[in-house]
Amino acid sequence: MESKKPTRIESDLIGEREIPGHILYGVQTLRGIENFPISNFHLNDYPLFVNGLAMTKWAAAVANHRLGLLTDAQKDGIVAACKEILEGKHHEHFPVDMIQGGAGTTTNMNANEVICNRALQIMGYEAGEFAYLSPNDHVNCSQSTNDAYPTGIHLGLYATYQKFRPHLVDLILSLRRKSEEFAHVLKMGRTQLEDAVPMSLGQTFGGFASILNDELKNLDFAAEEFLTVNMGATAIGTGICAQPGYAEYCIEALREVTGWDIRLSEDLVGATSDTSVMVGYSSALRRICVKVNKICNDLRLLASGPRCGLHEFNLPAMQPGSSIMPGKVNPVIPEVMNQICYKVMGNDLTVTLAGDAAQMELNAMEPVMAQCCFESSDLLMNGFDTLRTLCIDGITANEDECRGYIRNSIGIVTALNPIIGYKNSTKIAKEAMETGRGVYDLVLEHDILSKEDLDTILSPENMIKPVKLDIKPRH
């Protein structure tokens, strides 16, 4: 029901404030908005975090009702309000800045006030009629910010991980498809930016896919730890202000609400000050970024040119590359993905430093850690989709260019070395470097191998894997 009054008066320890009648949050949220105009990152920018808080409050209400601390009407009102939030409603009433002092108290009270006022409306009362349902005494019953807030973070980030993972898998599959498409294209491999030995372009993209696929296990492990929560710890882990059995009832309710294998921390005192789960998840994202950065750097190098670079393949042309140089097209999609990776790496440093800031029984720096983890996940999801759809999927190979590098490279003498011997290989390599001529032509000119045998050795199927060839040099 809508409020019949244009404003209402709410009070807290500091004093009274006038709240617009249509607003579901209350006085403590208002103070948080005024105290922390810090960033452009607000709680409602991360709907899965809002949902995590709603699931936490729902489970707490079920546990408190089971202990006789809430009436049927109070529990039903809280649960109904939480369900509406999980349906995407009322998120506009969560405007607090993600970066805040107070170890997340502003966020916790924002959730308590919105859920309380909406529950009051569902129960047939006006928002602010706290005699019937209170944000502190009822919605926050048996809780502290120090257990409800990190539990909400854990649930929100686990949901974010579930959303994030398919975006990474899609990128891996895109690289796999390119690996299959380019399996027949022979090219030069390089180490330390110098010619090495031949490989296929398919192997290049297969390598990209495999190094990212290797990170899935680490990501899954890091995210799995979010399912362990400290609900019932209350202020510092001793469970003060909660009744016996509350923590277990709350975990049971969380399992039912989420459908996830939620577990209670074995030591609530230790868990309440320990933010290493966010440190681990952020680190998993950073590891992925290190590899995505390598891939994007390689894409830019191998596609460089078109006339004076390597130009082994073509990236899709997405926009004119210069305001002054006609015809220039830049690798803008790998470039933006590089920058996303740098940002996520910077966020990881922030998470690490904040994780190191725990003192005594609490880490007050959880808000910035949560913001960084949610932001990094969102940035990477957008980046992966952009990289995949606007770059990887549209890459085409320059087969003649790749073949020309093979024919002209001194590096292919390495493939000949087991057949023609080190002495012949050294002679050919030296002459090739001195004259600028190709190894292929010099081997034929010196009559070391027949053309048929040389072509067999240098065939794609024999250049990209271990082989045993029954070929002997002519002399």
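Small disclaimer: the values here were computed from a predicted structure and weren't measured. (Residues numbered from 1 in each chain as written. Predicted model: local features only at pLDDT ≥ 70, side-chain atom pairs only at ≥ 80, totals over all residues. Heavy atoms only, no water.)

1. Focus on the overall build of the chain
Thought 1: Within the chain, the secondary structure is distributed over 17 helices and eight strands.
Thought 2: Overall, the chain is about 100 × 55 × 35 Å in size when its C-alpha atoms are taken along their principal axes.
Thought 3: Counting only residues that meet the buried cut, the chain has 50% of its 475 residues in that class.
Thought 4: Considering only contacts in the chain between residues 6 or more positions apart, those separated by 24 or more positions represent 71%.
Thought 5: As displayed, the chain offers around 21,500 Å² of accessible surface, 53% of which is attributable to carbon and sulfur atoms. (Helix = DSSP H or I, 4+ residues; strand = E, 2+ residues; numbered from the N terminus. Buried < 20%, exposed > 50% of the residue type's maximum accessible area, 1.4 Å probe, protein only. Contact = heavy atoms within 4.5 Å. Areas by Shrake-Rupley, 256 points an atom, 1.4 Å probe, with all protein chains shown as cover.)

2. As for the state of the cysteines
Thought 1: This structure, assessed with the given rule, holds zero disulfides.
Thought 2: Summary of cysteine pairing: Cys116 is not part of a disulfide, and the nearest cysteine sulfur, belonging to Cys82, is at 11 Å.
Thought 3: Take Cys373: it sits in no disulfide, and the sulfur closest to it among the cysteines is that of Cys372, at 7.0 Å.
Thought 4: With a relative accessible area of 1%, Cys373 lands in the buried category. (Disulfide = S-S within 2.5 Å.)

3. So, the UniProt feature "domain: Fumarate lyase N-terminal" (unreviewed entry) in the chain
Thought 1: On the UniProt side, "domain: Fumarate lyase N-terminal" (unreviewed entry) is annotated at positions that read residues 19-346 here.
Thought 2: With 58% helix and 6% strand, residues 19-346 has end C-alpha atoms that lie 38 Å from one another. (UniProt positions renumbered as here; feature names shortened; annotations may be inferred.)

4. Let's talk about the side chain of Ser377
Thought 1: Assignment of secondary structure puts Ser377 in helix α12 (residues 366-390).
Thought 2: A polar atom in the side chain of Ser377 sits 2.9 Å from the backbone oxygen of Cys373.
Thought 3: Ignoring any residue separated from it by four or fewer positions in sequence, one finds Ser377 in contact with Thr160, Phe164, Tyr281 and Leu285. (Polar contact = N/O pair within 3.5 Å; in protein donor to acceptor, adjacent residues only side chain to side chain.)

5. Some details on the environment of Gly15
Thought 1: Tracing the sequence through the fold places Gly15 in the loop between β1 (7-11) and β2 (16-20).
Thought 2: In this structure, the C-alpha to C-alpha distance between Gly15 and Val27, residues 12 residues apart in sequence, is 9.1 Å.
Thought 3: Ignoring any residue separated from it by four or fewer positions in sequence, one finds Gly15 in contact with Glu10, Val27 and Arg31.

6. Some points on the pattern of salt bridges
Thought 1: Per the counting criterion, the structure on display carries 24 salt bridges.
Thought 2: Residue Arg8 pairs with Glu10 through a salt bridge whose shortest N-O separation is 2.8 Å. Each member of the pair Arg8 and Glu10 is classed as buried.
Thought 3: For Glu215, the salt bridge goes to Lys291, with nearest N and O atoms at 2.8 Å. You can see Glu215 sitting in helix α7 (residues 201-224) and its partner Lys291 sitting in helix α10 (residues 276-302), a full 76 residues away along the chain.
Thought 4: Glu215 gets classed as buried once you look at its relative accessible area, which sits at 1%. (Salt bridge = Lys/Arg side-chain N within 4 Å of Asp/Glu carboxyl O.)

7. Some remarks on the pairing of β2
Thought 1: Sheet topology note: the β1/β2 ladder contains five bridges and is antiparallel. Counterpart to Arg8 in the pairing with β2 is Ile19.
Thought 2: Counted between consecutive antiparallel strands, the loop separating β1 from β2 contains four residues, among which Gly15 sits at a positive phi close to 155°. (Pairing = 2+ DSSP bridges.)

8. A closer look at the nonpolar core
Thought 1: Counting residues in hydrophobic clusters, the biggest one holds 106 residues, and the most contacted among them are Phe164, Leu299 and Leu387.
Thought 2: Lining this core are residues from two domains, each supplying at least three of them: domain 1 (7-141) and domain 2 (147-399).
Thought 3: Among residues more than four places away in sequence, those in contact with Leu387 are Leu171, Val292, Cys296, Leu299, Ile333, Pro334, Met337 and Ile392. (Core = buried A, V, L, I, M, F, W, Y, C linked by side-chain atoms within 4.5 Å. Domains from an automatic or database assignment.)

9. Quick look at the pairing of strand β4 (residues 194-200)
Thought 1: With five bridges connecting them, strand β3 (residues 186-191) and β4 associate as antiparallel partners. Along β4, the bridge assignment pairs Arg190 with Asp195.
Thought 2: Taking the residues that link successive antiparallel strands as the turn, the β3-β4 hairpin has two residues, and the phi of Gln192 there is positive, at about 55°.

10. With respect to the packing of helix α2 (residues 47-66) against helix α4 (residues 105-123)
Thought 1: Taken N-terminus to C-terminus, the directions of α2 and α4 make an angle of 65°; their axes are 10 Å apart at the nearest point. Taken together, α2 and α4 sit at an angle that is classed as roughly perpendicular. Seen along the crossing, α2 lies across α4 with a hand that is right-handed. Between α2 and α4, the contacting residues are Phe49, Leu53, Ala54 and Lys57 on the first element and Thr107, Asn108, Ala111, Asn112 and Ile115 on the second.
Thought 2: Grouping the constituent residues of the contact of α2 with α4 by class yields five nonpolar, three polar and one charged. (Axes fitted to C-alpha atoms, helices over the stretch in contact; angles between N-to-C directions. Parallel < 35°, antiparallel > 145°, perpendicular 65-115°, else oblique. Left-handed = near helix turned anticlockwise from the far one by under 90°. Nonpolar A, V, L, I, M, F, W, Y, C, P; charged D, E, K, R; others polar.)

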